[in-house]
Amino acid sequence: MKPAPIVYVVDDDSSFRESIGELLNACGYQTLLFDNARQLLAGSISSDAGCIVLDVKMDGLSGPQLQNDLVDRGCMLPVVFVSGYKDVLVAVQTIKAGAEDFLTKPVEKDRLLEAIERALARYEERRAQQDEISLLRSRIGELTPREREVFEHLVRGLPHKQIAYALSISERTVKLHRHQIVHKLQARSLADLAVIAERLGLLPNG
Amino acid sequence: MAWNRVPEFAEPRWTKGADVEKLPASTVDRQRDVARLDKRRPTLQLVTALFAVLILLCVSFQPAEASTRHRRIYLLEALSPAVLASGRTIDGFKRRLHERTSEEFDLFVDYMELMRLPSQAHLDSTVRYLSQKYAEAPPDLLITLGRAAIPFMVRNRDIIAPDVPTIVANVPSTAAPDPDQLRNVVYVVSRYDFLKTFRLAQQLQPKAQNVVIVGGASDYDRQWLDDARRELQPHLARYRTRYFSDLPYDAILREVSQLSKDTIVILSAFLADSTGQARTTPEVAADLARVSPAPVYSPVAGTVGMGALGGYADDWEAHGATVADVALEILSGKELTTIPRLNASLHLNRIDARQLRHWHLNPSAIPSGSEVSFREFDLWERYHRQTIVIITIVLMQSAVISWLILERRRRQIAETEQRQRLMQVIHLNRTALAGALSASVVHELNQPLGAIRNFAEAASLHLKSNPPKLQKVEQILESILRDDQRAADIIEHIRELLKRRTEVDLHEFDLNELVQEVVSIISPEALKAGVEISTIRANGSVLVRGDRIQLQQVVMNLAMNGIDAMRNCAPGCATMSIETVQIDDSAIEVSVSDSGVGIPPHMLRKVFETFYTTKRHGTGLGLSIARTIIDAYGGKLWAENRPGGGTVFRFTLPMSSTVRA
């Protein structure tokens, strides 16, 4: 059985923190409670599924600051803000910065759970994307240097002839490499190759 | 009652021919108020007597040949010194002389005792004595007093003082003989007007049925009684009339005591009763009045005031004064013939108001022009000037006192009002503070409320699970209770802040705790404003005595001001520090410093002024109230700018004496 997702609750108000913890526990989540942002950063964040329920105004590091820090660290955990204040500006900023939701206290159970569920789904999505990308990366890693060169030229849309010319190899060899590349990357067509390249950010800009 | 004054008239019998006679009080304005005279008379008498002795001594040592010898006036009283009339007449005479001229006279008074010693031998010796005396020191003026002197003078004048101008005084006009019989004489007449006295009695007692006329048994008395009979007889037709005269004194009094109330008692002259016992008329009037069931009237001067209700009578002193007037005319060299032969002083209806009241007689029946004595003046009548002054002073004092009391009252009211207003303003400031905090309070309150809700949801889920996780629920309920308490505490804080208080509530408390409390109240607001609050507290408890809510308000005002000053600070730069420092054994200093915009130096004082504010929604009350409160506890509150920017507000408070280390 898949372990229950972990919800990280960061709030300097103990009542809220603990009550949310209890509620989420009762709803079947694992919870980890932190009374400030630094505590969270100091601890190790599990790679298991989860999300962060984050207060905005806290002593020391504020919620949005923590959010930025986490993004910088490449943390994939989606953030649900639960703020004591209805501050539209902050809400917009955090959402822009990738927050999953921005709720205000007192928060209704259903809305919170919805937001958490959505966040977890997002997490799963991100996770899936992440997994796919790393799979593609590992596949690309399997390419020989020459194949890699051919791949890069192919996804730029160059004809075989030009590639052969550029690499000083025969057109036939290019086709051979292409076949090998499509096989290794488990692509079905040349178009697929372009999609993969794009996902991995290998397409040159412009 | 005035009857107990009778013994006054038992005056000493003066010896015949006493040269240095008693000088009665001549300077006293002899109001008929005997009571008043009683008090003053002895000392005055003494003083005047000494004075007179001195004068007479001086006179007697002067050489006889002196060209400026004093002129001699001989006063010759027909009866004895015991007759009140002569004494009073002489008093009035002397006083008037003194008033009218500065010339000094040698006065001689002789009492001839013609009534008490009626023998021819006495008469002869008297004539001898006088003629010898007058020859030795010739009189410039002779004045006889009394009716009995007339026959004596008629017979003996040529012997004793043939050419001396003479005034015959104290006689009724009817007694004046023909001018031929007694030449070179003017009369000052006084009379006992029985008819007018009777008329007065009739007016006062219109329902009277009886008339009783009381008189003495001496010859002199008989003469007067004859006059009375003659005058009254025609008018007594409708009265039962009786005369009490030829009786012993006791019998007379007894008779009088048995009279009926509707009687008019008229007292004539009474110098002796049928046994020859000497009396004075005023004395008799007193005795009669004491025993009589009806009022006593008398035309004899001096009886009114002694017991007689009234009478148409002379006044002896006025009589004496008239004698003096005539005497001075004669002495000034005026021809006797140019002076009216008969002179008289004022006769009036004289009434004793005390008697009037005693007999319940109607005062309105008194004829106009009467002289009413012994009216019991009320304070107003008697001392109206003094009364006015005293009343005025009392009124003014009362007014001043009332004014002061009123002023004090008003001040008290004003002070109370001021205190109440101050309390109101303080309260206003607290509500403003509460208003400023309301957003954070709502936030603060939302925390436990939200938590309770979450806990409740959680508990509900636990109960629905199979099997229900009761232990978990139990834990949650405890948490719910805790958070409920937290919400209640917050509400309590606000309630305390908003509570309308009319009186100051003094307690001893720890200032450190108070600071902590303030921090807990304002920290949500500080958090919201991005202000970091730190506290540095003096060691141990810092006990002060005061109204905790008010001092909390002071710290809150300062802290809220600090937060407001840091609204525009860069994140992380807004810091506030609240410090308590014990500066010496008896004082504690609390400082609230911020890293805000600071106050321009010239405004450091102005910020404490009422209604001075820089905030858009400020009331301008916070700091002025803070200062008022601190002042009230004997502390000081001031502001300084910090060297590194920002402001520090400091206040000192006296520490409570019971300080724990």
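Novice: Help me understand the overall build of chain A, please; the structure alone is not making it clear to me.
Specialist: Assigned secondary structure in chain A consists of 9 helices and 5 strands. Mapped from its N terminus to its C terminus, chain A presents α and β elements in the order β-α-β-α-β-α-β-α-β-α-α-α-α-α. Evaluated residue by residue, chain A yields a buried proportion of 44% over its 206 residues. In chain A, 63% of the contacts between residues at least 6 apart in sequence involve partners at least 24 apart. For chain A, the exposed area adds up to about 10,900 Å²; of that, 49% sits on carbon and sulfur atoms.

Novice: Even after reading the chapter, I still don't get the packing of helix α6 (residues 145-155) of chain A against helix α7 (residues 160-167) of chain A, so can you show me in this structure?
Specialist: A pair of packed helices is characterised by two quantities: the angle between their axes and the separation of those axes. Residue and element names in this part refer to chain A. In contact at an axis separation of 10 Å, α6 and α7 are set at 135 degrees when each is read in the N-to-C sense. Between α6 and α7, the angle is such that the two are oblique. Note on packing geometry: the crossing formed by α6 with α7 is right-handed. For the pair formed by α6 and α7, the contact residues are Arg146, Glu149, Val150, His153 and Leu154 on the first element and His160, Ile163, Ala166 and Leu167 on the second. When grouped by side-chain class, the residues that make up the contact of α6 with α7 number 5 nonpolar, 2 polar and 2 charged.

Novice: Where do I start with the interface of chain B and chain A in this structure?
Specialist: Buried accessible area, meaning the area lost when the parts come together, often serves as the stated size of an interface. Contacts between the two partners involve 22 residues from chain B and, on the opposite side, 21 residues from chain A. Taking both sides of the interface into account, the surface hidden between chain B and chain A amounts to around 2,000 Å²; carbon and sulfur atoms contribute 54%. Taken together, the links from chain B to chain A amount to 4 salt bridges. Across the contact surface, chain B and chain A share 7 residue pairs in polar contact (both at pLDDT 80 or more).

Novice: Just to check I follow, could you spell out the sheet that holds strand β3 (residues 50-54) of chain A for this structure?
Specialist: Residues and elements named next belong to chain A. The parallel open sheet is built from 5 strands, whose spatial order is β2-β1-β3-β4-β5. The two strands at the open ends of the sheet, each matched to only one other strand, are β2 (30-34) and β5 (101-104). Ignoring strand direction, the axes of neighbouring strands in this sheet form an average angle of 20 degrees. Seen against the sheet, helix α4 (residues 88-96) touches β4 (79-83) and β5 and runs at an angle of roughly 150 degrees to β5.

Novice: Just checking my understanding: could you explain empty space enclosed by the protein for this structure?
Specialist: Here the idea is plain: a probe the size of a water molecule rolls over the atoms and shows the empty space left. Residues and elements named next belong to chain B. Inspection of the entire model under this criterion finds 4 cavities of 30 Å³ or more. Taken as a whole, the second largest cavity encloses approximately 200 Å³ of empty space. As for the second largest cavity, its lining consists of 22 residues, of which Val83, Ala85, Tyr192, Tyr220 and Trp316 are closest to the centre. Sorting the residues of the lining of the second largest cavity by element identifies α2 (84-100), β4 (166-171), α6 (219-232) and α8 (281-291) as the ones contributing at least two each. Considering each element in turn, the lining of the second largest cavity owes the most residues, 3 residues, to α2. Among the residues forming the lining of the second largest cavity, the class breakdown is 15 nonpolar, 6 polar and 1 charged.

Novice: Before we go on, may I ask you to explain a nonpolar patch on the surface in this structure?
Specialist: A surface patch of nonpolar side chains, amounting to about 310 Å² of accessible area, comprises Val400, Trp403 and Leu404 of chain B. In this structure, Trp403 of chain B sits in helix α12 (residues 384-464).

Novice: Honestly, the pairing of strand β17 (residues 575-582) of chain B in this entry has me stumped. Any pointers?
Specialist: Within a regular strand, the side chains alternate between the two sheet faces. Residues and elements named next belong to chain B. Judged from the 5 bridges that link them, strand β15 (residues 532-536) and β17 form a sheet pairing that is parallel. Within β17, the position partnered with Thr535 by the bridge is Ile578. Note that β17 and strand β18 (residues 587-594) share 7 bridges and pair antiparallel. In the strand pairing of β18, Thr580 is matched with Val590. Connecting the antiparallel pair β17 and β18 is a turn made up of 4 residues.

Novice: How should I be thinking about the sheet that holds β4 of chain B in this particular structure?
Specialist: Within a sheet, neighbouring strands are paired by backbone hydrogen bonds and run either parallel or antiparallel to one another. Residue and element names in this part refer to chain B. Judged by pairing direction, the sheet is parallel, and its 6 strands sit side by side in the order β2-β1-β3-β4-β5-β11 without closing on themselves. The strands lining the two open edges of the sheet, one partner per strand, are β2 (105-111) and β11 (342-344). Strand-to-strand twist of the sheet, defined as the mean angle between neighbouring strand axes without regard to direction, takes the value 20 degrees. Of the strand pairs in this sheet, strand β3 (residues 141-145) and β4 are connected by 4 bridges, and their pairing is parallel. Bridge pairing links Leu145 to Ala169 in β4. Where helix α3 (residues 120-136) meets the sheet, its contacts fall on β1 (71-77), β2 and β3, and the angle it forms with β2 comes to roughly 170 degrees.

Novice: Could you clarify how one ought to interpret the pattern of salt bridges in this entry?
Specialist: Should the charged atoms of two oppositely charged side chains come close, the side chains can pair. Scanning the model with the defined rule gives 40 salt bridges over all chains in all. The shortest N-O distance in the salt bridge between Glu457 of chain B and Lys109 of chain A comes to 3.9 Å. In this pair, Glu457 of chain B is assigned in helix α12 and Lys109 of chain A in helix α5 (residues 109-141), connecting two distinct chains. Under the relative-accessibility criterion, Glu457 of chain B is labelled partly exposed at 23%.

Novice: Explain the pairing of strand β8 (residues 263-267) of chain B here, please?
Specialist: Residue and element names in this part refer to chain B. Among the 5 residues that make up β8, 5 are buried, leaving the element largely enclosed by the rest of the structure. Burial along β8 is two-sided: the face carrying Thr263, Val265 and Leu267 and the face carrying Ile264 and Ile266 are both buried. Taken together, the 5 bridges between strand β6 (residues 210-214) and β8 define a ladder with parallel strand orientation. What sits directly across from Val212, in β8, is Val265. Strand direction decides the pairing type here: β8 and strand β9 (residues 296-297), joined by 2 bridges, are parallel. Note on β9: the bridge partner recorded for Ile266 is Tyr297. Taken together, β8, α8 and β9 constitute a β-α-β crossover, and its handedness is right-handed.

Novice: Hey, could you run me through the packing of helix α5 (residues 194-204) of chain B against α6 of chain B in this one?
Specialist: All names here are of chain B. Axis separation between α5 and α6 bottoms out at 8 Å; the angle between their running directions is 60 degrees. Regarding the angle of α5 to α6, the classification is oblique. Two secondary-structure elements touch here, α5 through Phe194, Leu195 and Phe198 and α6 through Trp224, Asp227, Ala228, Glu231 and Leu232. Grouping the amino acids of the contact of α5 with α6 by side-chain chemistry returns 6 nonpolar, no polar and 2 charged.

Novice: Looking at this structure, how should I read the packing of aromatic side chains?
Specialist: Given two aromatic rings, their pairing is described by the distance between the two centres and the angle made by the two planes. All names here are of chain B. Under the counting rule described, the total for this entry stands at 9 aromatic pairs over all chains. Geometrically, the ring pair formed by Tyr74 and Tyr134 is edge-to-face, given 4.4 Å between the ring centres and 65 degrees between the ring planes. Of the two residues, Tyr74 is situated in strand β1 and Tyr134 in helix α3; the sequence distance between them amounts to 60 residues. A relative accessible area of 0% means that Tyr74 is categorised as buried. Ring centres 5.6 Å apart and planes at 70 degrees place the aromatic pair Tyr249 and Phe270 in the edge-to-face group. On the criterion of sequence distance, the pair formed by Tyr249 in helix α7 (residues 249-257) and Phe270 in the loop between β8 and α8 is long-range, its members being 21 residues apart. For the pair formed by Tyr249 and Phe270, the shared burial category is buried. What links up through ring pairs into an aromatic cluster is the set Tyr74, Phe108 and Tyr134. One cation-aromatic arrangement involves Arg147 over Trp224; the distance from NZ or CZ to the ring centre is 4.3 Å. Geometry around Tyr243 places Arg229 over its ring, the cationic atom sitting 4.2 Å from the centre.

Novice: Looking at this structure, how should I read unusual backbone geometry?
Specialist: A negative phi holds for most residues other than glycine; trans holds for most peptide bonds. Going from Lys105 of chain A to Pro106 of chain A, the amide bond is cis rather than trans, its omega being -10 degrees. Assignment of secondary structure puts Pro106 of chain A in the loop between β5 and α5. The backbone phi angle of Gln186 of chain A is positive, close to 50 degrees, even though this residue is not glycine. Assignment of secondary structure puts Gln186 of chain A in the loop between α8 (171-184) and α9 (190-199). In the Ramachandran plot, His360 of chain B falls in the positive-phi region, its phi being about 55 degrees despite a non-glycine side chain.

Novice: Honestly, the confidence of the model for chain B in this entry has me stumped. Any pointers?
Specialist: Regions with low pLDDT carry predicted coordinates that are not meant to be interpreted in detail. Residue and element names in this part refer to chain B. Here chain B averages 82 in pLDDT, while 87% of its residues score no lower than 70. Of the regions scoring below 50 in pLDDT, residues 62-66 engages in 1 contact with residues more than four places distant in sequence or in other chains. The complex prediction reports pTM at 0.49, with the ipTM value standing at 0.78.

Parameters at a glance
- Residues numbered from 1 in each chain as written.
- Chains lettered and ligands numbered in written order.
- Predicted model: local features only at pLDDT ≥ 70, side-chain atom pairs only at ≥ 80, totals over all residues.
- Heavy atoms only, no water.
- Helix = DSSP H or I, 4+ residues; strand = E, 2+ residues; numbered from the N terminus.
- Buried < 20%, exposed > 50% of the residue type's maximum accessible area, 1.4 Å probe, protein only.
- Contact = heavy atoms within 4.5 Å.
- Areas by Shrake-Rupley, 256 points an atom, 1.4 Å probe, with all protein chains shown as cover.
- Axes fitted to C-alpha atoms, helices over the stretch in contact; angles between N-to-C directions.
- Parallel < 35°, antiparallel > 145°, perpendicular 65-115°, else oblique.
- Left-handed = near helix turned anticlockwise from the far one by under 90°.
- Nonpolar A, V, L, I, M, F, W, Y, C, P; charged D, E, K, R; others polar.
- Buried area = accessible area lost by both parts, 1.4 Å probe.
- Salt bridge = Lys/Arg side-chain N within 4 Å of Asp/Glu carboxyl O.
- Polar contact = N/O pair within 3.5 Å; in protein donor to acceptor, adjacent residues only side chain to side chain.
- Pairing = 2+ DSSP bridges.
- 1 Å grid on protein atoms, 1.4 Å probe; cavity = no way out; pocket = protein on both sides within 12 Å on 5 of 7 lines; lining within 4 Å.
- Points joined across faces, edges and corners; volume = space filled by probe spheres on them.
- Patch = residues over 30% accessible without salt bridge, like charges linked within 9 Å, V, L, I, M, F, W, Y side chains within 5 Å.
- Right-handed = clockwise from strand over helix to strand, strands pointing away.
- Phe/Tyr/Trp six-rings, centres within 6.5 Å; stacked < 30°, edge-to-face > 60°.
- Lys NZ or Arg CZ within 6 Å of the ring centre and 35° of its normal.
- pLDDT = per-residue confidence, 0-100.

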